[in-house]
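Listed below are the residues making up each chain.
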Amino acid sequence: MKLKLLCMASAMMLVAGVANAQVKIGVSLSATGPAASLGIPEKNTIALMPKTIGGQPVQYIVLDDATDTTTAVKNMRKLISEDHVDAVLGSTVTPNSLAMVDVAAETKTPVISMAAGAAIVEPMDAKRTWAFKTPQNDILMAMAIAEHMANTGVKTVAFIGFSDAYGEGWYKEFVNATNQKKIKIVANERFNRADTSVTGQVLKIMGANPDAVLIAGSGTPAALPQRTLKERGYKGKLYQTHGVANNDFLRVCGKDCEGTYLPAGPLLVVEQLPNDNPVKKSAAAYKAAYEKAYGAGSISTFGGHAWDGGLLLQTAIPVALKTAKPGTAEFRSALRDALEAVKDMPGTAGIFNMSKNDHNGLDQRSRVMVQIVDGKWKLAN
């Protein structure tokens, strides 16, 4: 009888311990540096996330990686080894996220990236089994651009992208997309996020006389090639990636962005979506919450990527709590499994359906074509 009572008491203590355990979420994002225009709305969004999930208190520990890969790795290691977090949200940009994935695999800690590069979650292997991401994959957006180009008579195109993993990933997927649509790439140029001039690259592009130019950059640095092309008198179609879908880009690029096309998540033009769009309700809810806190017109799809990461955690944490206590390896493993099992979850970017082989989980419902008209985002036909 004494043994039975002791076992019952131990079980009750275990349940109480789980019930009162704090969930810790680490965050590493680019609130300063070249990607600050992306990281700041992400940081703002973290402040809006719930402080209780599944009945448990949640602590968010936010660090700035300054758009620097080395700092992102240091942040990741600190969050795991010193703060003992259960999962990490980050980073803002693809190069930082790729470096963090290595640490996630080494420490068996789930990481949810807010960067777009498909290489963060593809191809699925032992390392990437701990990595998830919320922005749309490059190929999904590259196909949207190639389809728009083909439908508007573009036969030749020039490419200029970041000289890092973001630019390389985009070029790979854009080659695939343009091959399918029989569009010829006539120039392939690169530039650095911190560059102040791309005149040499633009002159080479102008010499190739393409029907259109795709600029594969993110944030305000992506405005530099566009402004230079306009200054040099380029008259063809201009395209950007979903990496520029925030109002800071519009401000920096100004009149030189007029008429530009880009694929973007539905959040960017949520009020222009038809009422039967499956993402409209969830995207509008985030927009309302963000603009209530930070003012009308302050919404950004990059903040939405952070919000979607939070929604994934809100879905997965209650499931993981059924089997393990926060702060343990068992809980981190259960949380990873629960993230991989998320189905039909509406976010700001689309409807998330994760699986063993797909740690992004978005489909064509997560993209729309947008044009910049009179300095504003307009849903394109």
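Residues numbered from 1 in each chain as written. Predicted model: local features only at pLDDT ≥ 70, side-chain atom pairs only at ≥ 80, totals over all residues. Heavy atoms only, no water.

Per an unreviewed UniProt entry, the protein goes by Branched-chain amino acid ABC transporter substrate-binding protein and derives from Pandoraea faecigallinarum. The record held by UniProt for the protein lists under Sequence similarities (unreviewed entry) the comment "Belongs to the leucine-binding protein family." (UniProt positions renumbered as here; feature names shortened; annotations may be inferred.)

It is worth spelling out the UniProt feature "domain: Leucine-binding protein" (unreviewed entry) in the protein at this point. UniProt's feature table lists "domain: Leucine-binding protein" (unreviewed entry) at residues 22-368, given in the numbering used throughout. Taken end to end, residues 22-368 is 41% helix and 18% strand, and its first and last C-alpha atoms sit 39 Å apart. (Helix = DSSP H or I, 4+ residues; strand = E, 2+ residues; numbered from the N terminus.)

Following the sequence through the fold, Thr92 ends up in the loop between β4 (87-90) and α4 (94-107). With a relative accessible area of 4%, Thr92 lands in the buried category. Among the polar contacts listed, one links the side chain of Thr92 to the side chain of Glu42, at a separation of 2.5 Å. (Buried < 20%, exposed > 50% of the residue type's maximum accessible area, 1.4 Å probe, protein only. Polar contact = N/O pair within 3.5 Å; in protein donor to acceptor, adjacent residues only side chain to side chain.)

Moving on, we get to the sheet that holds strand β5 (residues 111-113). The strands making up a sheet associate through backbone hydrogen bonding, with each pair oriented either parallel or antiparallel. The 6 strands lie next to each other as β2-β3-β1-β4-β5-β6, forming an open sheet whose pairing is mixed. Strand pairing shows two members of the sheet lacking a second neighbour, β2 (52-53) and β6 (131-133), which therefore form its edges. The pairing of strand β1 (residues 23-29) with β4 spans 4 bridges and is parallel. Bridge pairing in β4 links Ile25 to Ala87. Strand contacts of helix α3 (residues 69-81): β1, β3 (56-64), β4 and β5, with the helix running at about 150 degrees to β3, the strand carrying the most contacts. (Pairing = 2+ DSSP bridges. Contact = heavy atoms within 4.5 Å. Axes fitted to C-alpha atoms, helices over the stretch in contact; angles between N-to-C directions.)

With that out of the way, let us pick up the nonpolar core. In this structure, Ile25, Phe249, Ile317, Leu335 and Trp377 are the most contacted members of the largest nonpolar core, which totals 61 residues. Top contributing element to this core by residue count: helix α11 (residues 301-321), with 9 residues. Two domains each donate at least three residues to this core, and these are domain 1 (23-136 + 283-364) and domain 2 (138-264). Among the nonpolar cores identified, the runner-up in size contains 37 residues, and Tyr166, Tyr234, Leu238 and Met369 belong to it. (Core = buried A, V, L, I, M, F, W, Y, C linked by side-chain atoms within 4.5 Å. Domains from an automatic or database assignment.)

Checked against the element boundaries, Gly236 lands in the loop between α8 (223-231) and β10 (237-240). For the pair Gly236 and Gly303, spaced 67 residues apart in the sequence, the C-alpha separation amounts to 32 Å.

Further remarks concern the pattern of salt bridges. This model, assessed by the stated rule, comprises 14 salt bridges. With a closest N to O distance of 2.8 Å, Glu168 and Arg190 form a salt bridge. Of the two residues, Glu168 is situated in helix α6 (residues 165-180) and Arg190 in strand β8 (residues 184-191); the sequence distance between them amounts to 22 residues. The exposure class of Glu168 is partly exposed, given its relative accessible area of 43%. Put simply, Asp363 and Arg365 hold a salt bridge, and the shortest N to O gap is 2.9 Å. The exposure class assigned to Asp363 is partly exposed, which follows from its relative accessible area of 29%. Classification of Arg365 by relative accessible area gives partly exposed; the value is 37%. (Salt bridge = Lys/Arg side-chain N within 4 Å of Asp/Glu carboxyl O.)

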